[in-house]
Amino acid sequence: MAPHSLGDEGPADLEQELGDAEIRPPSPPPMSAKPPRLLVVGAGSRGRTYARCSIQSSNGVIAAVAEPDQYKREDFGKKFIWGRTALPVEGSSFNDWEEYVRWETNRRLRQAAGEAVPEGIDAAFICVRDEMHRDVIMALAPLGLHIMCEKPLATTLADCTSIYNALTPLQTSKVFSIGHVMRYSPHNMMLRKLLLQDNVIGDILSVHHTEPVGYWHFSHSYVRGNWRKESVTAPSLLTKSCHDIDILLWLMCSPAPGSDAPEHLPTSVASTGSLQFFRNSRKPKAAGNTTNCLNCPVEKDCIYSSKKIYVGKQHSGVETGNLRWPNSIVVPDIESCGGDMGKAKEVMLSALAEDYDSSTPQDVIDGRNWFGRCVFESDNDVCDEQVVTMTWEDDPLPNSGAAANDTLGSRGAKQATFHMIAQTKKQCQRYTYIYGTEGEIFADSSTITIEDFRTGQTKTYKPKLESLGHGGGDHGLTRQFVLAVDSVKNGGARAEEAQREFIGCSLEEIIRSHAMVFAAEEARRDRKTVDWKTWWHKNVGVM
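Cut-offs applied
- Residues numbered from 1 in each chain as written.
- Predicted model: local features only at pLDDT ≥ 70, side-chain atom pairs only at ≥ 80, totals over all residues.
- Heavy atoms only, no water.
- Helix = DSSP H or I, 4+ residues; strand = E, 2+ residues; numbered from the N terminus.
- Contact = heavy atoms within 4.5 Å.
- Polar contact = N/O pair within 3.5 Å; in protein donor to acceptor, adjacent residues only side chain to side chain.
- Disulfide = S-S within 2.5 Å.
- Axes fitted to C-alpha atoms, helices over the stretch in contact; angles between N-to-C directions.
- Parallel < 35°, antiparallel > 145°, perpendicular 65-115°, else oblique.
- Pairing = 2+ DSSP bridges.
- pLDDT = per-residue confidence, 0-100.
- 1 Å grid on protein atoms, 1.4 Å probe; cavity = no way out; pocket = protein on both sides within 12 Å on 5 of 7 lines; lining within 4 Å.
- Points joined across faces, edges and corners; volume = space filled by probe spheres on them.
- Nonpolar A, V, L, I, M, F, W, Y, C, P; charged D, E, K, R; others polar.

Draft legend 1. Structural view of the environment of Ser32. Counting through the fold element by element, Ser32 comes out in the loop between helix H1 (6–9) and strand S1 (37–41). Leave out the neighbours within four places in its chain, and Ser32 touches Asn59, Asp486 and Asn490. Within the structure, Ser32 has its side chain in polar contact with the side chain of Asp486 (distance 2.7 Å).

Draft legend 2. Just the state of the cysteines, in detail. The final tally for this structure, using the stated rule, is zero disulfides. Not engaged in a disulfide, the cysteine Cys293 finds its nearest cysteine sulfur in Cys374; these two sulfurs lie 6.1 Å apart. Not engaged in a disulfide, the cysteine Cys302 finds its nearest cysteine sulfur in Cys293; these two sulfurs lie 6.1 Å apart.

Draft legend 3. Seen up close, the packing of helix H6 (residues 157–167) against helix H17 (residues 507–526). Packing of H6 against H17 brings their axes to within 10 Å, and their N-to-C directions diverge by 170 degrees. Judged by the inter-axis angle, H6 sits roughly antiparallel to H17. Two secondary-structure elements touch here, H6 through Leu157, Cys160, Tyr164 and Leu167 and H17 through Leu507, Glu508, Ile511, His514, Ala515 and Phe518.

Draft legend 4. Spatial organisation of the sheet that holds strand S4 (residues 123–126). Pairing is parallel across the open sheet formed by six strands, whose spatial order is S3-S2-S1-S4-S5-S6. Strands at the two margins of the open sheet, each flanked by one partner only, are strand S3 (93–94) and strand S6 (176–178). With three bridges connecting them, strand S5 (residues 146–149) and S6 associate as parallel partners. Bridging across to S6, Cys149 finds its partner in Ile178.

Draft legend 5. Inspection of the sheet that holds strand S14 (residues 458–461) at higher detail. The mixed open sheet is built from nine strands, whose spatial order is S14-S13-S12-S11-S7-S10-S9-S8-S15. Only two strands of the sheet have a single partner each, and these edge strands are S14 and strand S15 (530–531). In the sheet, strand S8 (residues 268–274) pairs with S15 via two bridges, with the strands oriented antiparallel. Counterpart to Ser268 in the pairing with S15 is Asp531. The strands that helix H7 (residues 186–197) touches are strand S7 (204–212), strand S11 (431–436), strand S12 (439–443), strand S13 (448–452) and S14; relative to S13, the one it contacts most, it runs at about 15 degrees. The strands that helix H10 (residues 242–252) touches are S7, strand S9 (385–392) and strand S10 (414–421); relative to S7, the one it contacts most, it runs at about 165 degrees.

Draft legend 6. Structural detail: the confidence of the model for the chain. Overall, the predicted model of the chain reaches an average pLDDT of 93, with 94% of residues at or above 70. Low pLDDT, under 50, characterises residues 1–20; the predicted model gives this stretch 56 contacts beyond four residues in sequence or across chains.

Draft legend 7. Up close: empty space enclosed by the protein. For the structure on display, the rule yields three cavities of 30 Å³ or more. In terms of lining, the largest cavity is formed by 13 residues, of which the most central are Cys293, Cys296, Val298, Cys302 and Cys374. When grouped by side-chain class, the residues that make up the lining of the largest cavity number nine nonpolar, two polar and two charged.

Structure follows, in structure tokens:
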């Protein structure tokens, strides 16, 4: 079993206050005679997470990796595939996904010619940059692989719908999953059961859900890092919060577990938001024209100092002994420093010192991340705060009120409000207020507290914490995806059955939650309220 690494989990896990919570990664199911063989495309933090979760909690085998960075590729292979002392065998290591596609195409030709060849791959985890998702899916799907793609599905609505059209004919034989890990945490699964099956607060009337990104986490990923520019990746509502929108639709739109009722579709969506803080006009006057933290006269007093974030002990800098996220994003091969923390600090400071001036070509400045750059001098343009409001109207089904307290049958008018905010101490530790006809709920990252209007009683649940990664959602999604693959490969299940039983999320649901993000962005940009039904038929059409 791979060691449990906080760095592999991501930003939410480095500063969680766990109290007396016990972390219990679920045990893997029994291995089949021919366990699913898994390819990980992209050996960054998410690829490593899914690999570790596969080993810890699934009955699959990590068989291959495709990654252009040599250090990441070799380190991944040593940890998860061929071990510290052995060398990679044929078909286990690829420079990129395109090399894998060429190799696999040739492997099948060799096999058809009667040549002895390595065993093929059954399923792939796609963990590359967001803007690459479409190309990788379109290349792997014709090979007949089961696919799990990290969120978001794609960075444009057109790419999302083209993926849907390409994958739909394959759904009879292959399963598809998306990295909406929040659906799979024990916490959120219990919350959904309490709301939709047990009806502990009656019908839902209003939900207020907040994602506190964290002030220095936002500066790392969305001001200095890969997701800072909408033109290069996508709006922060998509890259950071699409699974928050998904979880709201899962609670408010999708039918209760085991029900075959149609979805209660939204009526409208509106949104406001902007880049409020991380811009030049907020730069301290005393900082002058400085573009790099290490040369800044106010660096010691700045909470966004790159030296404080990546070197010091205040957060998760190398002086804390952390060589994983976020430090491995700044220096991808920083782990090669081993236990020499002095060398790691030297390497990190050298990377942070990299700067540009008036003679540097603009395309050079634009074409890379500058993790030592002043957060008020960056070229970021994504929202650092945004609010999305979705509404539903009464939509009772024929005879839906027969067993209900009223004629609406739990399909009455309601609303959901989502708030993404950068300037918070909490990092991705979401919290939710849910108001119903007979009670209310407060849910945070570890507890669910119910106020029952009928009895006057308060009851608190503390769902098990399977891991730090999204409250166990990383393990849950990985386990369910691999179980679905195994049930098709070894259990004789039809792909549609496996999709429904193990993954629990249809391709249409995936498109709907992404479409809601794009509709919200249109509402924000145009300062209007979007009619969901009209917008869907115009931009998505019949599915």
